[in-house]
Amino acid sequence: IPAPTVGVALLVQQHIAHRLLHYEITPPTGVEQHHGVRVAYGAAAAAELGIDPSTLFKTLLFALEGAPSAVGSYAFAVIPSTSEASERTIAAELEAKRAALASVDDVRRVTGSVPGGVSALSPKRQIPLLLDQSALSLDSIVVSAGRRGLSVALAPHDLLKATGGRFAPLTHPR
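Worth saying up front: this structure is predicted, and the values here are computed from it rather than measured.

Asks: I keep staring at the sheet that holds strand 7 (residues 141-147) and nothing clicks. Help me out?
Replies: Strand-to-strand pairing in sheets goes through backbone hydrogen bonds, with the strands running parallel or antiparallel. What the 3 strands build is an open sheet, ordered 1-8-7; its pairing is antiparallel. Only two strands of the sheet have a single neighbouring strand rather than two, namely strand 1 (19-22) and strand 7. Along the sheet, successive strands turn relative to each other by an average axial angle of 35 degrees, direction set aside. Across 4 bridges, the pairing between strand 1 and strand 8 (residues 150-154) is antiparallel. Each bridged residue has a counterpart across the sheet, and for L21 the counterpart in strand 8 is S151.

Asks: Mind showing me how you'd approach the sheet that holds strand 3 (residues 74-80) here?
Replies: With mixed pairing, 5 strands are arranged side by side in an open sheet as 5-2-3-6-9. With partners counted over all chains shown, the strands left at the sheet margins are strand 5 (98-101) and strand 9 (166-168), one partner each. Across the sheet, the axes of successive neighbouring strands diverge by a mean angle of 35 degrees, strand direction being ignored. Together, strand 3, strand 6 (129-132) and strand 9 form the strand contacts of helix 6 (residues 156-163), whose direction differs from that of strand 6 by roughly 175 degrees.

Asks: I tried to follow the pairing of strand 3 on my own but got confused; where do I start?
Replies: Both faces of the sheet carry side chains from a regular strand, because those side chains alternate between them. Summarising burial for strand 3: 7 of the 7 residues are buried, a large majority. Relative to strand 3, strand 2 (residues 57-65) is paired through 7 bridges, and the arrangement is antiparallel. Residue A63 lies in a different strand from strand 3, and its bridge partner there is Y74. Pairing of strand 3 with strand 6, which is carried by 3 bridges, proceeds in the parallel orientation. Along strand 6, the bridge assignment pairs F76 with L129.

Asks: What am I meant to see in the side chain of T59 here?
Replies: You can see T59 is positioned in strand 2. If sequence neighbours within four positions are ignored, T59 has contacts with F76, A77, V78, V118, S119 and A120.

Asks: What should I look at first to understand the nonpolar core in this one?
Replies: In summary, soluble globular proteins display a tendency toward joint burial of nonpolar side chains. By size, the foremost hydrophobic cluster in this structure holds 29 residues, and its most contacted members are L61, V78, L131, V143 and L159. At the level of secondary structure, the elements contributing two or more residues to this core comprise helix 1 (6-13), strand 2, strand 3, helix 5 (104-111), strand 6, strand 7, strand 8 and helix 6. Those residues in contact with L159, other than ones at most four positions away along the chain, are V78, L121, L131, I141, V143 and L154. Judged by nonpolar contacts, the second largest core, of 16 residues, contains A91, L130, A168 and L170.

Asks: So what exactly am I meant to see when it comes to helix 6 here?
Replies: Residue pairs three or four apart in sequence face the same way in an α-helix, which turns once every 3.6 residues. Among the residues of helix 6, those classed as buried are P156, L159, L160, A162 and T163. Take helix 6 and look down its axis: the buried residues cluster within an arc of 165 degrees, on one side only. Seen from the buried face of helix 6, the exposed residues on the opposite side, beyond 90 degrees, are H157 and K161. Those residues of helix 6 hidden inside the fold are in contact with helix 1, strand 3, strand 6, strand 7, strand 8 and strand 9. Following helix 6 by one or two positions, G164 has its phi on the positive side, about 75 degrees.

Conventions we followed
Residues numbered from 1 in each chain as written. Predicted model: local features only at pLDDT ≥ 70, side-chain atom pairs only at ≥ 80, totals over all residues. Heavy atoms only, no water. Pairing = 2+ DSSP bridges. Helix = DSSP H or I, 4+ residues; strand = E, 2+ residues; numbered from the N terminus. Axes fitted to C-alpha atoms, helices over the stretch in contact; angles between N-to-C directions. Contact = heavy atoms within 4.5 Å. Buried < 20%, exposed > 50% of the residue type's maximum accessible area, 1.4 Å probe, protein only. Core = buried A, V, L, I, M, F, W, Y, C linked by side-chain atoms within 4.5 Å. Arc of directions from axis to C-beta.

Printed below as a string of structure tokens:
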């Protein structure tokens, strides 16, 4: 059976233990959107999956300014869905002058994915990855498998093994 995404294929190829998780979130209707209704996707996905929201990690793409050429112009920050990323800390960890959340257009161009479906396991090119150090205390985390509604549970160290990433303090609580 072929893997459903490039990221899952990478895990299979590297013999990394993982578990696929499917979920569906109903987006707000046009009228609800007009009235400002938004869905907290992290909380909604965790509820659909029946998992603790602190184990569901979101993959954010950051645009970097003034980073060493070995780092490049972009980096992934994988953080708990219940937290917010510290741009200042991310920049410092990557020796960049500044880090800012990438625009939706940049996310599509750089990763080939849409926000909500970005996976550090399947970028179009090699992008540095930082995984929040809070994952150190967890046996398993859940991250996007490369498309909306499909996630993968795996050990934090296995995510780093598959991506060449490293742990770092990236967040401040909401």
